[in-house]
Amino acid sequence: MAETPPRALTIAGSDSGGAAGLEADLRAMTACGVHGCVAVTAVTVQNSLGVSGVHLVPPETVAAQVRAVVTDIGVGAAKTGMLASREIIDAVADVVDEVGIGRGPGAVPFVVDPVAASMAGEQLLADDAMEAIRTRLFPRAALATPNLDEVRLLAGITVTDAETAREAARALHAMGPRYVLVKGGHLRGSPEVIDLLFDGEQTWEFSGPRIDTPHVHGAGDALASATCAALARGATVPDAVAAAERYIRRAVAESYPLGAGVGPVSPLWAIDDALRARE
Ligand SMILES: Nc1ncnc2c1ncn2[C@@H]1O[C@H](COP(=O)(O)OP(=O)(O)OP(=O)(O)O)[C@@H](O)[C@H]1O
Ligand SMILES: Cc1ncc(CO)c(N)n1
């Protein structure tokens, strides 16, 4: 019998296409050596072409899942994905305080990925919920990981270059997260992808060549989950983000076509490596 591994929790929606959402989160956590637990917020009807339906889980059931996981299994870190509605965000903010996820004494780190829209631009969050992410979740977050569309919705800043990315990081940091990671994946014109981490004083830049693939479904989810997994294993935020950045680049490089639309990144690329080595 093996020892109990580190655990992490994702509070996220399901993607029936198995590319993004909690399905991506669990694969990324597994790949990063952590047992992943789930509080499901919504069931989406989704494939490579987009989202055609959403069914919300009642807020009290979302909170009950978090409580059930933390009080029995225990987690070293938690993250959010699609939170769907203002009511679910309020329930999550309350329950994380109750179970010791966030910023209180002895609390475990909380990663807030402010998922607002799918790859195809379909809304994954109600209109009035962005404000609740800002006011109720950001002050509890060790790290917030917005993409450039979410930066625009949250801070009203359109990022076009390194200077506007720094300006956005400052504006978002002022909303409460201890660290902000501004993800540059959506800056399509640029030959490099630059993600910027900011703690209010220091800036870390993670850059690499833009990998030529249209199949980037789930990239943000896997990046936040890999970071959450590293935090659950005891890393600092800058070290956890650095590890997750190395991990996600390989996942994007190994992305694959699936269905007629946008295919997924490959959170389990290490398994392919292991299978190849065994052949
Ligand atoms: N073409 C690419 N080449 C290299 N790295 C990439 C590429 N696309 C994405 N990444 C990496 O993945 C990270 C997350 O991607 P992105 O900014 O698209 O997040 P996202 O929109 O939240 O993702 P999604 O909603 O699909 O889960 C980027 O910050 C970057 O580090
Ligand atoms: C359920 C779900 N969560 C997150 C995303 C964003 O990647 C998505 N497309 N679907």
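Residues numbered from 1 in each chain as written. Chains lettered and ligands numbered in written order. Predicted model: local features only at pLDDT ≥ 70, side-chain atom pairs only at ≥ 80, totals over all residues. Heavy atoms only, no water.

Under an unreviewed UniProt entry, the name given to the protein chain is Bifunctional hydroxymethylpyrimidine kinase/phosphomethylpyrimidine kinase, and the source organism is Actinomycetospora flava. According to its UniProt record, the protein chain has this under Pathway (unreviewed entry): "Cofactor biosynthesis; thiamine diphosphate biosynthesis; 4-amino-2-methyl-5-diphosphomethylpyrimidine from 5-amino-1-(5-phospho-D-ribosyl)imidazole: step 3/3." Of the comments in the UniProt record for the protein chain, the one headed Function (unreviewed entry) reads "Catalyzes the phosphorylation of hydroxymethylpyrimidine phosphate (HMP-P) to HMP-PP, and of HMP to HMP-P." (UniProt positions renumbered as here; feature names shortened; annotations may be inferred.)

Draft legend 1. Spatial organisation of the side chain of Asn-147. Relative to the assigned elements, Asn-147 resides in the loop between strand S6 (143-144) and helix H5 (148-155). A distance of 3.0 Å separates a polar side-chain atom of Asn-147 from the backbone nitrogen of Asp-149. Look past the residues within four positions of Asn-147 in its chain and what remains in contact with it is Lys-183 and His-186. (Helix = DSSP H or I, 4+ residues; strand = E, 2+ residues; numbered from the N terminus. Polar contact = N/O pair within 3.5 Å; in protein donor to acceptor, adjacent residues only side chain to side chain. Contact = heavy atoms within 4.5 Å.)

Draft legend 2. Representation of the site of ligand 2 within the structure. By nearness alone, every residue bordering ligand 2 is listed as Gly-13, Ser-14, Ala-20, Gly-21, Thr-44, Gln-46, Met-82, Val-115, Ser-118, Leu-124, His-217 and Asp-221. In this structure, Asp-221 approaches ligand 2 through a side-chain N or O atom, which is 2.8 Å from an oxygen atom. When isolated, ligand 2 has an accessible area of 290 Å², and the protein chains bury 94% of it. In a pocket analysis with a 2 Å cut-off to the grid points, ligand 2 is assigned to the largest pocket. Put simply, the parts of the chain that give the shell around ligand 2 at least two residues each are strand S1 (7-15) and strand S2 (35-47). Taken together, the residues of the shell around ligand 2 sort by class into four nonpolar, seven polar and one charged. (Near = heavy atom within 4 Å. Areas by Shrake-Rupley, 256 points an atom, 1.4 Å probe, with all protein chains shown as cover. 1 Å grid on protein atoms, 1.4 Å probe; cavity = no way out; pocket = protein on both sides within 12 Å on 5 of 7 lines; lining within 4 Å. Sits in = over half its atoms within 2 Å of the grid points. Nonpolar A, V, L, I, M, F, W, Y, C, P; charged D, E, K, R; others polar.)

Draft legend 3. Representation of the UniProt feature "domain: Pyridoxamine kinase/Phosphomethylpyrimidine kinase" (unreviewed entry) in the protein chain. UniProt's entry tags residues 15-265 with the feature "domain: Pyridoxamine kinase/Phosphomethylpyrimidine kinase" (unreviewed entry), counted in the numbering of this structure. For residues 15-265, helix accounts for 40% and strand for 19%, while the C-alpha atoms at its two ends are 14 Å apart.

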